[in-house]
Amino acid sequence: MKTIHYWLLISALFTLVGCSETPAEAKSFNDMNQNGTLETYEDTSLSPAVRAADLLSRLSIEQKIKLVNGTGMSMAGDGSQKVPGAAGSTYALPDFGIPAVVLSDGPAGVRIKPTRDNDPNTYYATAFPIATAIASSWNTELAEQIGAAMGDEVKEYGIDVFLAPALNIQLNPRGGRNFEYYSEDPFISGMIAASVVNGVESNGVGATIKHFVANQVETSRMVLNAEVDEQAMREIYLKGFEIAVKQSQPWAVMSSYNKLNGTYTSQSKALLSDILRDEWGFTGVVMTDWFAGDDSAAQMQAGNDLIMPGTPANHRQISEALLDGSLSEAELDRNITRIIAMIFKTPAMQQYAYSDKPDLTAHAQIARQAAAEGVVLLRNNDATLPLKGLTRVATFGNTSYNFIAGGTGSGDVNEAYTVSLVDALEANGFKINSQLQKTYEQYAQKEKAKQPEKTSFFQFIPPIAEMPVSETYAQQLAKQEDIAVITLGRNSGEFQDRKVAGDFYLTDTELSLIATVADAFHAEDKKVVVILNIGNTIETASWKDKVDAIVLPWQGGQEAGNAVVDVLTGSVNPSGHLAVTFPMTYEQIPSANTFPGKIVDPEVIQNPYLNALPNGQRSVIAYQEGIYVGYRFFDSFKQEVSYPFGYGLSYANFALSDLNLSQNGSEYQVSVTVKNTSQVAGKEVVQLYVSAPEGKLTKAAQTLQGFAKTRLLAPNETQTLTIAMDTLQLASFDANRHQWIAEAGDYHIKIGRSSRNIVWQDTITLPDELTLSTTLTPLPTSIPVKTLKH
């Protein structure tokens, strides 16, 4: 490309004729097609829609088909020649100066190859905490800061669109990609996702919210039919996406692999056009998940603009559909217009000179802060933490020596390092028992040698089995060391879901380790701390009372070890709260009997990754719990839980006062003054729940509809928080009328520290029923779903 500077030519002419001024309209432009003429699509003073329409008019059918298909993906995971390891790219149109757009995986950080052939440089990215940990911070400002750091790495590594964040609902603890998702609740999921999107896109690059929608299962995910009733879809599975779209307007949305009530989501006009665009006002690009769906023409018709990563079969299907008239060129043009409008915004289009050198040191500090703020203190008997006057630490558990930064698959990050617990303890002056460390390292080396070689970056290889510890050895260490720390690790990834035995439930070896170490150290009047380096919930009820403290850092990214020790030592006061419920048992979860689905056809379907991953069998999962997901179920049916939604301890104490509910038109506000009544600085989370009156519509006992977090409050310092909500947040969805309805009656507005710790409430009374929406798009339906009733 070249830039034509007309003002130089005109200036010279005006000088020759004796004029000292050049006309105001003289300007330079990017001559993208190098013909010396300012074409309409090259004129940046015009709207993207006008420019896109002009470019579209110049394209051949073949060029149009290329634009709606990606350029493909190798089995090594390469989807871009420009940025090795990126997930995919669009086709360039060199005749028009249109560059390829590069897309890269997330959501815990940029996923690209850290090394390149014949290149001595490295291209590591920052591994930020997993989404569940970010949500546990309940801090939207922090989430936006994380997004901004991610977006900077996206831009500086030559990437245009980030394939994150992911905000599917954590339906069941066995979900293989739960670590990529924020919560079991759509409100906090949508708010945190919107903040991440806004942070990412502040860099002039795109974010992609995914996987739209009802993509809770990894087992046979590409041939799975999710049967979900309309109320549950609207209130649970669509709501987070709706919030994210309206609060952040992301550049892109990624449709999911699964079918919804018999129709692939990537082929559903109701989802992608009627709801996403017409109802919510989404203006960006919709792309498929990689190799999703089974009918490229149907995807085009539904409003799925871009097919990724793009295959010859996709190209052929669209070409044939255009020829036989089942797909119109107007439908194709509509999708291409949106793709072109996105391309015009990209760094590639702006010819941004990316550095390949983002500030990884600064981003590591953000990752450390984020990881520490997402730590949830679950148990702290007798002020076991923070550690004081102790120097010698016995570190048990394989994971103490090899922290898990994040999950596997496309959500993994190639980071330069991961700080382990023992690394961080030693850096903070603690002494680790060297003989115990050597024993664990030798065991790990021996067990890892037995594991198979990884055949693709998607492949999930489970962590090695926990090392047994004898009573004699534990007793010996209890006499020598000041305190015991046990780390339990869990990991998961794409294409497969977790198991109940030995994964959700602890293994016999792990239970024995906790009991043995606790007995030995308690006999010496010494404390035991458990750290849960996990990506999903696990069973804690049967063993939690055996230990003195439990710290949940989730999978905290590359700085996880430092973040955990920051909390253990008290340099950071834990302020994380659960965004997911820890049940007593797996069996009490309402989806326990239906997850991950029922096989309806024994035929094994080959996956599109050339047998690099498990194949699938056509399956169906009935979402029989309806709206009763997570705390909505446990609270509504008064089920005992191990740790409730919203729960989290602190080293500080806080008092809430001056609570007040006010109304301004359709908006309500609750103000509350938070005072730190302790002698240590800390942050407090305030949660707002709504309990709706009983009526004709199915309702949960209460739903989260707002939250706020204080700044770091010094001892005796106060801060007044205001939480706003509108009338629509009182409503339930009436699937018969396809409308949001607030039934008449008393709505209790509650303020709490968790869903089970409500400290104040007031009432909004609606004398009459309110209809709060027009008649909305009915969702695709198959057989009626028999849902749980309260």
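Preceding block: the structure.
Residues numbered from 1 in each chain as written. Predicted model: local features only at pLDDT ≥ 70, side-chain atom pairs only at ≥ 80, totals over all residues. Heavy atoms only, no water.

Trainee: Go over the side chain of Asn 335 with me, naming the residues and quoting the values.
Mentor: Mapped onto the secondary structure, Asn 335 falls in helix H12 (residues 329-345). Accessibility expressed as a relative area gives 0% for Asn 335, which makes it buried. One polar contact links the side chain of Asn 335 to the main-chain carbonyl oxygen of Met 300, over a distance of 3.0 Å. Setting aside residues up to four positions removed in sequence, Asn 335 forms contacts with Met 300, Gly 303, Asn 304 and Asp 305. (Helix = DSSP H or I, 4+ residues; strand = E, 2+ residues; numbered from the N terminus. Buried < 20%, exposed > 50% of the residue type's maximum accessible area, 1.4 Å probe, protein only. Polar contact = N/O pair within 3.5 Å; in protein donor to acceptor, adjacent residues only side chain to side chain. Contact = heavy atoms within 4.5 Å.)

Trainee: Quick rundown of helix H5 (residues 140-156)? Include the residues and the values.
Mentor: Taking 1.5 Å of rise per residue, 17 residues should cover 24 Å, and H5 covers 24 Å from first to last C-alpha, within 8% of that figure. When H5 is considered as a whole, its buried residues turn out to be Leu 142, Ala 143, Ile 146, Gly 147, Ala 149, Met 150, Gly 151, Glu 153, Val 154 and Glu 156. If you follow the buried residues of H5, they end up packed against helix H4 (131-136), strand S7 (161-163), helix H6 (186-201) and helix H13 (360-373). Here H5 starts with a cap whose side-chain oxygen sits 3.1 Å from the backbone nitrogen of Glu 141, and that cap is Asn 139. With its phi angle positive at about 80°, Gly 158 sits one or two positions after the end of H5. (Expected span 1.5 Å × (residues − 1).)

Trainee: Can you explain the pairing of strand S26 (residues 685-691)? Please cite residues and give values.
Mentor: With 7 of its 7 residues buried, S26 lies for the most part within the structure. Here S26 shows a buried face lined by Val 685, Gln 687, Tyr 689 and Ser 691 and a second buried face lined by Val 686, Leu 688 and Val 690. Strand direction decides the pairing type here: S26 and strand S27 (residues 703-709), joined by 6 bridges, are antiparallel. When the bridges of S27 are listed, Leu 688 appears paired with Gly 706. Note that S26 and strand S31 (residues 745-754) share 5 bridges and pair antiparallel. (Pairing = 2+ DSSP bridges.)

Trainee: I'd like to hear about the side chain of Lys 683, residue by residue, with values.
Mentor: Relative to the assigned elements, Lys 683 resides in the loop between strand S25 (667-676) and S26. Residue Lys 683 is classed as buried on the basis of its relative accessible area of 19%. There is a polar contact of 2.9 Å between the side chain of Lys 683 and the side chain of Glu 373. Contacts of Lys 683, omitting those with residues within four sequence positions, involve Asn 139, Glu 373, Ser 575, Phe 654, Lys 709, Thr 710, Arg 711 and Leu 712.

Trainee: Talk me through empty space enclosed by the protein; I want residue IDs and the actual numbers.
Mentor: Counting across every chain of the model gives 5 cavities of 30 Å³ or more. Volume-wise, the largest cavity comes out at about 160 Å³. Lining the largest cavity are 19 residues, and of these Gln 170, Leu 171, Asn 172, Pro 173 and Glu 184 lie nearest its centre. Among the residues making up the lining of the largest cavity, the classes are represented as 9 nonpolar, 8 polar and 2 charged. (1 Å grid on protein atoms, 1.4 Å probe; cavity = no way out; pocket = protein on both sides within 12 Å on 5 of 7 lines; lining within 4 Å. Points joined across faces, edges and corners; volume = space filled by probe spheres on them. Nonpolar A, V, L, I, M, F, W, Y, C, P; charged D, E, K, R; others polar.)

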